[in-house]
Amino acid sequence: MHSHWVRESGSEGGQRDAGLIFPYWSFTKTALAICALKLAEAGRLDLDAPARGAAFTLRQLLRHSAGLPDYTALPDYRAAVAAQRDAWPPEVLIETAMAQGQLFAPGQGWGYSNLGYLLARQKIESAAGQGLGALIATLICQPLGLSARLASSRGDFAQVCWPAAQAHDPRWVYHGCLIGTARDAALLLQASCTGDLLSASQRAQMQQLHPLGGRIAGRPWLAHGYGLGLMIGTTAAGRMLGHSGSGPFSSNAVYHFPDRPDPVTIACFGDTPAEGLAETEAVRLALQA
């Protein structure tokens, strides 16, 4: 397990090989939500306006309350990823996933949907007039001095530290997959939770909790829910907010622990798809911080 921590007081540390590059997987959802909030503040999109030709809003997409199905359980999708094929065109993925049908009326339930985040990405890119990679660079990475970037090809994933990444097409992560160091991941989340990257109002919107339940087997949550691109809940280390992610060969947990005596943000990356292992390591490190 590779990790890096950043305390609110300013100190930081981590394991050796600080320059290793990791895929951020679904932690990229947090970056998408940040971009949406900053574009909304600039008047370039409306989080609560229904999407063109649809009944759901961008806010509902970002909160997983739009009622859309997911695509990761589709047998053809899983077989294609396992066979290391090239990603399908987005329109093929959307049509295939939507054939499963709407899960519930928008705003009337909760269901984790990577498809929803693909549609959110498309709406954000349309409003910004530029691709997600350039947008994240402009709104997040450049202001924070981060080297993380959006992976768009197998060549990008060739920079990832784990050999299994070499054959994987990152475009299978349709909402986008950032790659970067553990330090960059921790600094990105810390800035969104405590720094100047977002206003107090924007942070409140991100952290508005939709409660989902209690313990999850094999994971450290005592209670859990979701905000706007954030997984939020309580653990033995107090409140924990951030995002986990996983792909075929690795997982990560990037979380801020505001209840510690010196609040700390921790990014953990492991070479197994089990998110619970990375989350548990993050909680262990937070208890020691």
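Rules used in this analysis
Residues numbered from 1 in each chain as written. Predicted model: local features only at pLDDT ≥ 70, side-chain atom pairs only at ≥ 80, totals over all residues. Heavy atoms only, no water. Axes fitted to C-alpha atoms, helices over the stretch in contact; angles between N-to-C directions. Helix = DSSP H or I, 4+ residues; strand = E, 2+ residues; numbered from the N terminus. Parallel < 35°, antiparallel > 145°, perpendicular 65-115°, else oblique. Contact = heavy atoms within 4.5 Å. Nonpolar A, V, L, I, M, F, W, Y, C, P; charged D, E, K, R; others polar. Expected span 1.5 Å × (residues − 1). Buried < 20%, exposed > 50% of the residue type's maximum accessible area, 1.4 Å probe, protein only. Polar contact = N/O pair within 3.5 Å; in protein donor to acceptor, adjacent residues only side chain to side chain. Phe/Tyr/Trp six-rings, centres within 6.5 Å; stacked < 30°, edge-to-face > 60°. Lys NZ or Arg CZ within 6 Å of the ring centre and 35° of its normal. Left-handed = near helix turned anticlockwise from the far one by under 90°.

**Notes on the packing of helix α1 (residues 28-41) against helix α6 (residues 132-144)**
- Packing of α1 against α6 brings their axes to within 10 Å, and their N-to-C directions diverge by 70 degrees. Relative to α6, α1 is oriented roughly perpendicular. Residues A31, L32, I34, C35, K38 and L39 of α1 pack against L132, L135, I136, L139 and I140 of α6.
- In terms of residue class, the contact of α1 with α6 is built from 10 nonpolar, no polar and 1 charged.

**Considerations on helix α5 (residues 114-128)**
- In a regular helix each residue adds 1.5 Å, so 15 residues correspond to 21 Å; α5 covers 21 Å between its end C-alpha atoms and thus fits that length.
- Of all 15 residues in α5, 11 are buried, a share of seventy percent or more.
- Of the surrounding secondary structure, the elements contacted by the buried residues of α5 are α1, α2 (58-62), α4 (90-98), α6, β4 (149-151) and β7 (223-226).
- Its side-chain oxygen at 3.4 Å from the backbone nitrogen of L115, S113 defines the N-terminal cap of α5.
- A positive phi of about 70 degrees marks G129, the residue just after α5.

**Details of the packing of aromatic side chains**
- Evaluation of the coordinates by the stated rule reveals 17 aromatic pairs.
- The interplanar angle of 35 degrees and the centroid separation of 5.8 Å between the aromatic rings of Y24 and F269 together place this pair among those described as tilted. With Y24 in the loop between β3 (22-23) and α1 and F269 in strand β11 (residues 264-270), this pair connects stretches of sequence that are 245 residues apart. You'll find Y24 and F269 in the same group, each marked buried.
- Ring geometry for W25 and F157: centres 5.8 Å apart, planes at 80 degrees, overall edge-to-face. One end of the pair, W25, is in the loop between β3 and α1; the other, F157, is in helix α7 (residues 154-157), with 132 residues separating them in the sequence. The pair W25 / F157 is uniform in exposure class, with both members buried.
- Chaining the aromatic ring pairs together yields one cluster made of F22, Y24, F27, W162 and F269.
- A cation over a ring is seen here: K29 above Y117, with NZ or CZ 5.5 Å from the ring centre.

**Points about the packing of α4 against α5**
- Closest axis-to-axis distance for the α4/α5 pair is 11 Å, and the angle between their directions is 140 degrees. It follows from the interaxial angle that α4 and α5 lie oblique. The handedness of the crossing between α4 and α5 is left-handed. Together, P90, L93, I94, A97 and M98 of α4 and L115, L118, L119 and Q122 of α5 make up the contact between the two elements.
- Here the contact of α4 with α5 is composed, by residue class, of 8 nonpolar, 1 polar and no charged.

**Re the side chain of Q202**
- Along the chain, Q202 turns up in helix α9 (residues 200-206).
- Given the relative accessible area of 4%, Q202 is considered buried.
- Side-chain polar atoms of Q202 contact the side chain of E41, separated by 3.3 Å.
- Within the structure, Q202 has its side chain in polar contact with the backbone nitrogen of S199 (distance 2.8 Å).
- With residues up to four places along the chain from it excluded, the contact list for Q202 reads L37, K38, E41 and L197.

**Focus: the side chain of D156**
- Note on placement: D156 falls in helix α7.
- The buried category is assigned to D156, whose relative accessible area is 10%.
- Within the structure, the side chain of D156 is placed 3.1 Å from the side chain of R149, a separation counted as a polar contact.
- Ignoring any residue separated from it by four or fewer positions in sequence, one finds D156 in contact with R149, L150, A151 and I179.

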